[in-house]
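# Analysis of the macromolecular model
This is what each chain is made of:
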Amino acid sequence: MNLFDILGPVMVGPSSSHTAGAVRIGWMTRKLLGEKPVKAKILMYGSFAATGLGHGTDRALVAGLLGMYPDDTRIPDSFSEAKKEGMSFEFGTANLVGAHPNSVVLEVEGENGRELNVQACSLGGGRIMINRLDGLDVNCTCEMPTLIVHNLDQPGHVAEVTSMLAHKSVNIANMSLYRDKRGGSAVMVVETDQDIPAESLKWLEHLEGVVKVTYINVTEGER
């Protein structure tokens, strides 16, 4: 346990789980989208849906989508900031089964037409977990450098990724594989001890059968 675990995150309140965690979910969704969001449908679940308005969860999620950090003093005014940025949004209630009570589903569209569906939850103390991406389980906290590869479920992709990391002396801390069906869509989630070079990410993007590559550097967006 470190000092951060005891004191909690530096944040604009009132709640580390309902406010700071919600900001981080929005920010991570923006990062995963890979471009500026212009449209968002935000579906809250459980405690988020029941008490989120009082805790500012709605404004926190929008603030994160705008790229704000948990300590940004503009969070309470995120709705007006979104209007300035040209981002439209709407709220609703998610129908989930067995999800964490502080869960939300974000359906977002970027300025270049890219779309993303994210299900995430706030674990408390400002920590979050991304549970699903575009309908596939991922269950990653993104607290370490994290590589997410969407690919066709074909032989060889895991070997190509792991060989590239070994060649760049990047150690794998955790690795998970998910697919919707045999030969269908698959997701590879790799958490590493070191940063992954940008040129290696570009190399992965051009591999046959790779649909999308997302890299989250844990040092970005943390202050």
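Refer to the structure presented above.
Just so it is clear, the model here is predicted, and its values are computed rather than measured.

It is worth spelling out the nonpolar core at this point. By size, the foremost hydrophobic cluster in this structure holds 38 residues, and its most contacted members are Leu 32, Ile 42 and Ile 130. Where this core is concerned, the elements lending two or more residues are α2 (16-33), β1 (37-45), α4 (57-65), β3 (102-110), β4 (115-124), β5 (127-133), β6 (136-140) and β9 (185-192). A per-element tally of this core places α2 first, with 7 residues. In this structure, Val 149, Val 161, Val 170 and Met 188 belong to the second largest nonpolar core, which totals 15 residues.

Here 4 strands make up an open sheet; going across it, the order is β8-β9-β7-β10 and the pairing antiparallel. Among the strands making up the open sheet, the edge pair consists of β8 (172-179) and β10 (210-216). When the angles between neighbouring strand axes are averaged without regard to direction, this sheet yields 10°. Of the strand pairs in this sheet, β8 and β9 are connected by 7 bridges, and their pairing is antiparallel. Bridge pairing in β9 links Ile 172 to Thr 192. Along the sheet, helix α7 (residues 198-205) contacts β7 (146-152) and β10; its crossing angle with β10, the most-contacted strand, is approximately 160°.

Moving on, we come to the pattern of salt bridges. Inspection of the entire model under this criterion finds 7 salt bridges. The salt bridge involving Lys 36 is made with Glu 85; its shortest N-O contact spans 3.3 Å. With a gap of 49 residues between them, Lys 36 in the loop between α2 and β1 and Glu 85 in helix α5 (residues 78-85) connect regions that are remote in the sequence. The class of Glu 85 is partly exposed, set by a relative accessible area of 43%. Across the pair Asp 134 and Lys 212 runs a salt bridge whose closest N-O atoms are separated by 3.5 Å. Of the two residues, Asp 134 is situated in the loop between β5 and β6 and Lys 212 in strand β10; the sequence distance between them amounts to 78 residues.

Moving on, we come to the environment of Leu 201. In this fold, Leu 201 is placed in helix α7. Residues Leu 201 and Val 149 lie 52 residues apart in sequence; the distance between their C-alpha atoms is 9.9 Å. Setting aside anything within four residues of it in sequence, one finds Leu 201 in contact with Leu 147, Ile 196, Val 213 and Tyr 215.

Before going further, it helps to examine the sheet that holds β4. Read across the open sheet, the 6 strands follow the order β2-β1-β3-β4-β5-β6; overall the sheet is mixed. The two strands at the open ends of the sheet, each matched to only one other strand, are β2 (88-93) and β6. When strand polarity is set aside, the average angle formed by the axes of neighbouring strands in this sheet is 20°. Pairing analysis gives 7 bridges linking β3 to β4, with the strands arranged antiparallel. Each residue of the ladder has a partner; that of Glu 107, found in β4, is Asn 117. In this fold helix α3 (residues 46-55) packs onto β1, β2, β3 and β4, with an angle of close to 105° to the strand it touches most, β1.

Right, let's get into the environment of Glu 111. Within the secondary structure, Glu 111 sits in the loop between β3 and β4. Once residues lying within four places of it in the same chain are set aside, the contact partners of Glu 111 are Glu 35, Lys 36 and Val 38.

The final tally for this structure, using the stated rule, is 3 aromatic pairs. Where Phe 79 meets Phe 89, the ring centres are 4.9 Å apart and the plane angle is 40°; that geometry is what we call tilted. Remark: Phe 89 occurs in strand β2 and Phe 79 occurs in helix α5; sequence separation between them is 10 residues. Phe 89 gets classed as partly exposed once you look at its relative accessible area, which sits at 26%.

Criteria and cut-off values
- Residues numbered from 1 in each chain as written.
- Predicted model: local features only at pLDDT ≥ 70, side-chain atom pairs only at ≥ 80, totals over all residues.
- Heavy atoms only, no water.
- Core = buried A, V, L, I, M, F, W, Y, C linked by side-chain atoms within 4.5 Å.
- Buried < 20%, exposed > 50% of the residue type's maximum accessible area, 1.4 Å probe, protein only.
- Helix = DSSP H or I, 4+ residues; strand = E, 2+ residues; numbered from the N terminus.
- Pairing = 2+ DSSP bridges.
- Axes fitted to C-alpha atoms, helices over the stretch in contact; angles between N-to-C directions.
- Contact = heavy atoms within 4.5 Å.
- Salt bridge = Lys/Arg side-chain N within 4 Å of Asp/Glu carboxyl O.
- Phe/Tyr/Trp six-rings, centres within 6.5 Å; stacked < 30°, edge-to-face > 60°.

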